[in-house]
Amino acid sequence: MDKYAKWIAPRIRIGWVILAVGTAVCLVGILLELGNANLAFNPAIITGLGILGVGIGVGIVVRYRAALVDEQAAKRLTAAEMDERTVLIRRRAGSRAYWVSTGLVYAGLMWVSFAA
């Protein structure tokens, strides 16, 4: 289990960092909304970006913490993430499509914010 824990621990740390950054961005957005700042954009966009960061961080932490507790789950997760075929498929399709769609949704929300 020790080798799996060494592999999982940095990913949990990354999840906590994303969660903390998302929380900070969310708080900044809320403060901008409450401050009634006369901005050229809707400050709710910043809050939404923070909420997105919090969701991604929580997802990463929950996924890897569950694997850290159960050795079988850690073996399955490690095998799934290090399998060459799975990595190739994920890199070519799923993962990039997710991040591109996330960026496009945020850009679309920014456009709506600026247009309003």
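Rules and cut-offs
Residues numbered from 1 in each chain as written. Predicted model: local features only at pLDDT ≥ 70, side-chain atom pairs only at ≥ 80, totals over all residues. Heavy atoms only, no water. Helix = DSSP H or I, 4+ residues; strand = E, 2+ residues; numbered from the N terminus. Rg over C-alpha atoms; globule rule 2.2 N^0.38 Å. Buried < 20%, exposed > 50% of the residue type's maximum accessible area, 1.4 Å probe, protein only. Contact = heavy atoms within 4.5 Å. Areas by Shrake-Rupley, 256 points an atom, 1.4 Å probe, with all protein chains shown as cover. Patch = residues over 30% accessible without salt bridge, like charges linked within 9 Å, V, L, I, M, F, W, Y side chains within 5 Å. Salt bridge = Lys/Arg side-chain N within 4 Å of Asp/Glu carboxyl O. Lys, Arg positive; Asp, Glu negative; His and termini not counted. Charge placed at Lys NZ, Arg CZ, Asp CG, Glu CD. 1 Å grid on protein atoms, 1.4 Å probe; cavity = no way out; pocket = protein on both sides within 12 Å on 5 of 7 lines; lining within 4 Å. Points joined across faces, edges and corners; volume = space filled by probe spheres on them. Nonpolar A, V, L, I, M, F, W, Y, C, P; charged D, E, K, R; others polar. Core = buried A, V, L, I, M, F, W, Y, C linked by side-chain atoms within 4.5 Å.

Novice: In this structure, what is going on with the overall build of the chain? I would like to understand it.
Specialist: Of regular secondary structure, the chain possesses four helices and zero strands. In the chain, the succession of α and β elements from N to C terminus is α-α-α-α. Taking 116 residues into account, the globule formula puts the C-alpha radius of gyration at 13 Å, and the chain, at 18 Å, lies well above it. By principal-axis analysis of the C-alpha atoms, the chain measures approximately 55 × 30 × 15 Å. Among the 116 residues that make up the chain, the fraction classed as buried is 25%. Of the contacts formed within the chain by residues at least 6 apart in sequence, a portion of 69% connects residues at least 24 apart. Of the accessible surface of the chain, which amounts to about 8,000 Å², a share of 68% is contributed by carbon and sulfur atoms.

Novice: I keep staring at a nonpolar patch on the surface and nothing clicks. Help me out?
Specialist: A contiguous nonpolar surface patch, about 370 Å² in accessible area, is contributed by Leu49, Leu52, Tyr98 and Trp99. Going through the elements one at a time, helix H2 (44–69) and helix H4 (84–115) are the ones with two or more residues in the nonpolar patch. Considering the arrangement of structural elements, one finds Leu49 in helix H2.

Novice: Sorry, what's going on with the environment of Leu32 here?
Specialist: Looking at the element boundaries, Leu32 is found in helix H1 (residues 2–34). Taking the C-alpha atoms as reference, Leu32 lies 8.8 Å from Ile46; in sequence the two are 14 residues apart.

Novice: Which parts of the structure should I look at to understand a positive patch on the surface?
Specialist: Judged by side-chain charge, Arg90, Arg91, Arg92 and Arg96 come together as a positively charged surface patch. Note on placement: Arg90 falls in helix H4. A relative accessible area of 32% places Arg90 in the partly exposed class.

Novice: Help me understand the layout of surface pockets, please; the structure alone is not making it clear to me.
Specialist: Taken as a whole, the largest pocket spans an internal volume of roughly 510 Å³. Every residue lining the largest pocket is counted, 15 residues in all, and those nearest its centre are Ile60, Arg63, Tyr64, Glu81 and Trp99. Taken together, the elements giving at least two residues each to the lining of the largest pocket come down to H1, H2 and H4. Sorting elements by how many residues they give to the lining of the largest pocket places H4 first, with six residues. Its residues assigned to classes, the lining of the largest pocket comprises eight nonpolar, two polar and five charged.

Novice: Can you help me understand the nonpolar core in this one?
Specialist: Among soluble globular proteins, nonpolar side chains are generally buried collectively. Within the largest apolar cluster, eight residues are counted, these being Tyr4, Trp7, Ile8, Ile12, Tyr64, Ala67, Ala74 and Leu77. For this core, the elements supplying multiple residues, two or more each, are H1, H2 and helix H3 (71–82). Among the elements that line this core, the one with the most residues is H1, at four residues. If sequence neighbours within four positions are ignored, Tyr4 has contacts with Ala74, Lys75 and Thr78.

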